[in-house]
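Residue-level listing of the chains:
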Amino acid sequence: MILSGASPRFPMSSEARIEQLEERLKRIAPNGRLVNRNGESVPLSALQPALTKGVSAFETPTDTVARATASQVIESGIQAIRFVTEGGGRLADASPEAGFNAEAVISAFRRVSWYVENGDYVVRIRPIDDGLDDFWRDTFKDERARVKTVCASVAAIMIDGTPIGTGWLAANDTLVTNAHVAFNLCYRKPGLSPGDPRDRWRMASGRAFTAAFRFEHGNIGEVAKHAHVPITDVLHVETSQYPDLAVFRIEPPSKLAMPVPLGFELASATPADWPSGRTIYAVGHPIADLQDDTANVELAFGPLDGTKRFSPGKVISKIDTDVLAHDCSTTNGSSGSPIVAMGSTVPVALHYFGRPGMRNEAVLLSAWAAHPAIRAIQSGQWEN
C-alpha cells in the first residue's frame, strides 16, 4: 500500500529552495570541498564512491537499473555542486533535476537515518568514511537510554500487516498519529448526532488495524516478534487537519509488556525555546511513496521497507505559531513520528510532512496545549 503524505503548510518556492541551497553550499563546501560535521573536509572526488558505497550498505536490491539510477543521481548532484563551488555558477542556471539531486547529495552527506533493532539504534549502517556516523554517535552517546525509551513507544501503524504510517504511545492504551494517517483507518458515520462525543468518527470494518511496536529491520520476516497491538477505537480525528492530529485506543494483549507512555512537552512554545540548530530527532517508519524519487530517498534511508528508524537532526526554525521546521531525515510513512529534543523522552512535536528536497514540518504540541484531545489525554479521560 502506498500512502500519500500531507502537504506542507508553508511550502517553499523553487526560488527560495535554490537560494537556500546555494547558501548551504557556501557554508559547507568552500573551495570545492565538503566540510563534515566534525569540521573535516572531504574532496568531492571522494564523495561519489563513498555515497555509492553507502547505498550498497543499505542492501539496495541487486537490480542493475536501480543501481544505475542511484549512481546517476549521485553523479548529477555532485556535478551541480561543482558547478557552484568550483565554477562560480548558480543553481538557478542548472536544471531543476540537477538542483534536486544536489540537495539529495548534501542531505545524505549531512544527516543519517539508522535502523532500530532490538529497541536500540544501530550505528554505522553506512560505511561512508566522512565522520558523519561518528559525529552523531558521539552527539548521542549520553542519550542512548532515553532514545531507547522513545524508540520502544513508537509503532508502525498497519493495515492487514502493511505499514502505512507511524504512531506513538502518549498515554496508557492511547496512540497518537496524524489525521491524514487516520483517514485510512476510520470514517465519519452519517446519521449520527452532531453532538456525538467522537464527532461521528468510527473505525472501518473488515480490515485488521494494528500498531506494531517492534517492526524492525532485523526481524522484518518474523511477524511473531513485531508486538502487534490491535487498534480498536478512534477517539479523535481533527477533520480539518489543523492540527494534523488523531488519537486511537489500542488493546494490548494481557501477556505483552507495554512500553512507557511518552506524554507531551507542552511548556516550550516561544521562538526562543526553538532556536535554529537545536538538536532533535525523529523515530518513525518510512515507506515508499510514488510521488518521491526513490533513488534520492535511498541515499539517506536505504530500502523503504517501513521498519523503524532513528533520524537525528536539527531545528530549522519555528514557523508561525505552531509549526516546527526541522531537517531530520523523513519521508512517507514517517507521518505521525514524535519529534524529541535531546535530553528528554517527551515529544515536543508531531511530524506531519517531509519529502526529499522539501522542508520537514511538525505540529508544535505546546502551541496546542489547550486542545480538547490533548487535554483529554493529559487528564487520563480516555484511559480504560
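The model shown is predicted, which means the values in this text are computed figures rather than measured ones.

Rules behind the numbers
- Residues numbered from 1 in each chain as written.
- Predicted model: local features only at pLDDT ≥ 70, side-chain atom pairs only at ≥ 80, totals over all residues.
- Heavy atoms only, no water.
- Helix = DSSP H or I, 4+ residues; strand = E, 2+ residues; numbered from the N terminus.
- Contact = heavy atoms within 4.5 Å.
- Polar contact = N/O pair within 3.5 Å; in protein donor to acceptor, adjacent residues only side chain to side chain.
- pLDDT = per-residue confidence, 0-100.
- Phe/Tyr/Trp six-rings, centres within 6.5 Å; stacked < 30°, edge-to-face > 60°.
- Buried < 20%, exposed > 50% of the residue type's maximum accessible area, 1.4 Å probe, protein only.
- Lys NZ or Arg CZ within 6 Å of the ring centre and 35° of its normal.
- Arc of directions from axis to C-beta.
- Pairing = 2+ DSSP bridges.
- Axes fitted to C-alpha atoms, helices over the stretch in contact; angles between N-to-C directions.
- Salt bridge = Lys/Arg side-chain N within 4 Å of Asp/Glu carboxyl O.

### Describing the environment of Ser153
- Along the polypeptide, Ser153 turns up in the loop between α6 (144-152) and β5 (154-159).
- Note: C-alpha distance between Ser153 and Leu262 (109 residues apart in sequence) is 7.1 Å.
- Dropping the residues within four chain positions of it, Ser153 is found in contact with Gly167, Trp168, Leu169, Phe213, Pro259, Val260 and Leu262.
- Here the side chain of Ser153 touches Thr149 through a polar contact of 3.4 Å, landing on its backbone oxygen.

### Observations concerning the confidence of the model for the protein
- Looking at the protein, pLDDT values average 83 and 78% of them are 70 or higher.
- Across residues 57-61, confidence stays below pLDDT 50; counting only partners more than four residues off in sequence or on other chains, it has 19 contacts.
- Taken together, the stretch residues 125-129 has pLDDT below 50 and engages in 20 contacts with residues farther than four places along the chain or on a different chain.

### Side note on the packing of aromatic side chains
- Here the structure, examined in full by the defined rule, presents 10 aromatic pairs.
- Arranged with centres 5.2 Å apart and planes meeting at 90 degrees, the rings of Phe140 and Phe310 form a pair that is edge-to-face. Taken as a pair, Phe140 in the loop between α5 (132-139) and α6 and Phe310 in strand β14 (residues 309-319) lie far apart in primary sequence, 170 residues in all. As far as burial versus exposure is concerned, Phe140 and Phe310 are alike and both buried.
- By way of ring pairs, the aromatic residues Trp114, Tyr121, Trp136, Phe140, Tyr281 and Phe310 are connected into one cluster.
- The ring of Tyr121 carries the charged tip of Arg144 above its face, separated from the ring centre by 4.2 Å.

### What to know about α6
- For α6, the full list of buried residues reads Val147, Val150 and Cys151. End-on view of α6: buried residues confined to an arc of 100 degrees, all on one side of the axis.
- In the core, the buried residues of α6 are packed alongside β3 (114-117), β4 (120-121), β5, β13 (279-284), β14 and β16 (338-341).

### Considering helix α9 (residues 372-379)
- Within the sequence span of α9, burial applies to Ala373, Ile374, Ala376 and Ile377. Taken around the axis of α9, the buried residues stretch over an arc of 160 degrees, which confines them to a single face. Within α9, the exposed residues directed more than 90 degrees away from the buried face are Pro372, Arg375 and Ser379.
- Close packing links the buried residues of α9 with β6 (162-171), β7 (174-177), β11 (228-237) and β12 (246-250).
- Directly beyond the C-terminal end of α9, a positive phi value near 80 degrees is found at Gly380.

### Topic: the sheet that holds β11
- Reading around the circumference, β5-β6-β7-β12-β11-β10 is the order of the 6 strands in this closed barrel, with antiparallel pairing throughout. Across the sheet, the mean angle from the axis of one strand to that of its neighbour is 45 degrees, orientation sign disregarded.
- By the bridge criterion, 5 bridges tie β11 to β12 in an arrangement that is antiparallel. Across the sheet, Ile231 pairs through a bridge with Ile250, a residue of β12.

### Notes on the pairing of strand β18 (residues 360-364)
- β18 sits mainly inside the fold: 5 of its 5 residues count as buried.
- Note: strand β15 (residues 323-326) against β18, 4 bridges, orientation antiparallel. The residue bridging His326 from the neighbouring strand is Asn360, located in β18.
- Inspection of the sheet shows strand β17 (residues 347-353) paired to β18 by 4 bridges, in the antiparallel sense.

### Concerning the pattern of salt bridges
- Scanning all chains against the criterion turns up 10 salt bridges.
- For Arg309, the salt bridge is made with Asp305, and the minimal N-O distance between the two is 3.3 Å.

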